[in-house]
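Summary of structural features
One-letter residues, chain by chain:
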Amino acid sequence: MVKAIEWKDGKVIMLDQSKLPIEVQYIECTNYEIIAEGIRKLWIRGAPAIGIAAAMGIALGVQDIKAKSYKELIKGLDPVFNTLLLTRPTAVNIKWAVERIKKFLRDNKNESVQRLKELLIEEAQKIHKEDIEVNKAIGRWGSQFIKDGDTVLTHCNAGSLATGGYGTATAPILVAMEQGKKIQVIADETRPVLQGARLTAWELMQAGVPVTLITDNSAGALMKKGEIDLAIVGTDRTVRNGDVANKIGTYSVAVLCKEHKIPFYVAAPMSSIDFSIPKGDRIPIEERSAEEVTHVFNKCQIAPDGVRVRNMAFDVTPAKYITAIITERGAFRPKDLRKLMKKDINLDEIRL
Ligand code: MRU
């Protein structure tokens, strides 16, 4: 499967997803500023992938800090953390990665500065590797919801390109196929940046998954015809009450699913769950440039000059539309999600 990001020989190699599927171009990142630029410009995108990119950005950033002590090193890292945190607001994974690295540094504060620099490279690579394992576990828990012969609708791209590998929403599909089930995927094109058309269709075709591309406004008609059995999407931030932020248009898909009695699942690694926020209306929603709407691929103009544009990159789907949230720890009803905050919880009591 195609890799979105990789640590190689002291550099970060990032696939420039903004050019896919027309060009497959890799960017060599040698400092954290390039990583931040790549996150902002969607060279790398998808919540878990930008979390991994942030961790690798920190590992690059720390190498250039001239510090003699732990305290100086932490001070030197401040601008690195802040730059990365300010790139994109909705996905919680950047904050998750920064907090994990801060804790890692505290836990290893007695190491020398040089050793800490080496350890941060290892930790960033560990975060990457763990994400792939997390996705495989999501796949194992999620495959139970897919029957032989099912057609699965997905929105945006929550596949290999959006993660360390294997994907979140795509993982149950891949596992179901490994189990011998015959599955088809319908991919929403996902305006305005077309992650469904450019990325999901592209990567699923490469993985040998039968995929059909539809315009975003086709899903309802296909549901009415009985051509969709279930929907699985990813998430940028899922909060305590089970409300889910994901790519704009996800909410409409969820409402349509409810109307047609089609199960609607969210694949959510624990790194995308933000227990600090009680409900979805508190999730910051990124608004992006008008050009993403008025132009295709930043080139071809499709709207009149000067037209007023509103370009919200994400929406929030209320928990009541969600059949289950599939994590690496199991699949749960949205109302049970908050129970995962407790350390002594018996997961078998709440797992689906
Ligand atoms: O703007 P993007 O492309 O970063 O948005 C990505 C999504 O909304 C994905 O569905 C989400 O991050 C889940 S990725 C496993």
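Look up: the structure comes first, before these words.
Read on for an overview of the structure. (Residues numbered from 1 in each chain as written. Predicted model: local features only at pLDDT ≥ 70, side-chain atom pairs only at ≥ 80, totals over all residues. Heavy atoms only, no water.)

**A look at the overall build of the protein**
- Helices and strands together make up the secondary structure of the protein, namely 10 helices and 16 strands.
- Over its C-alpha trace the protein gives a radius of gyration of 20 Å, about what one expects of a compact globule, namely 20 Å for 352 residues.
- Projected onto the principal axes, the alpha-carbon positions of the protein cover approximately 65 × 55 × 40 Å.
- Going through the 352 residues of the protein one by one, you find that 56% of them count as buried.
- In the protein, the share of contacts with a sequence separation of at least 24, taken over all contacts with a separation of at least 6, comes to 74%.
- A total of about 15800 Å² of accessible surface is found on the protein, and carbon and sulfur atoms cover 51% of it.
- On the protein, the mean spot of the 51 positive side-chain charges and the mean spot of the 44 negative ones are 4 Å from each other. (Helix = DSSP H or I, 4+ residues; strand = E, 2+ residues; numbered from the N terminus. Rg over C-alpha atoms; globule rule 2.2 N^0.38 Å. Buried < 20%, exposed > 50% of the residue type's maximum accessible area, 1.4 Å probe, protein only. Contact = heavy atoms within 4.5 Å. Areas by Shrake-Rupley, 256 points an atom, 1.4 Å probe, with all protein chains shown as cover. Lys, Arg positive; Asp, Glu negative; His and termini not counted. Charge placed at Lys NZ, Arg CZ, Asp CG, Glu CD.)

**Examining the pattern of salt bridges**
- By the definition in use, this model includes 20 salt bridges.
- Taking the shortest distance from any N to any O, the salt bridge between K147 and D150 comes out at 3.7 Å.
- The exposed category is assigned to K147, whose relative accessible area is 54%.
- For D150, a relative accessible area of 4% translates into the label buried.
- E286 is paired through a salt bridge with R288; the nearest N and O atoms lie 2.7 Å apart. Across the pair, R288 and E286 agree in class, each one buried. (Salt bridge = Lys/Arg side-chain N within 4 Å of Asp/Glu carboxyl O.)

**Let's talk about the site of the ligand**
- Looking at the ligand, there are 18 residues lining it, with R45, R88, D236, N246 and K247 nearest.
- Residue R88 places a side-chain N or O atom 2.7 Å away from an oxygen atom belonging to the ligand.
- Burial of the ligand by the surrounding chains reaches 99%, relative to a free accessible area of 420 Å².
- Mapped by element, the contributors of at least two residues to the shell around the ligand are α2 (47-63) and β9 (244-247). (Near = heavy atom within 4 Å. Polar contact = N/O pair within 3.5 Å; in protein donor to acceptor, adjacent residues only side chain to side chain.)

**Some remarks on the sheet that holds strand β8 (residues 237-239)**
- Ordered by their spatial adjacency, four strands build an open sheet running β11-β8-β9-β14, and the pairing between neighbours is mixed. The two strands at the open ends of the sheet, each matched to only one other strand, are β11 (273-274) and β14 (314-317).
- Bridge analysis of β9 against β14 gives four bridges, and the strand direction is antiparallel. In the sheet register, V244 faces β14, and the bridge partner there is T317. (Pairing = 2+ DSSP bridges.)

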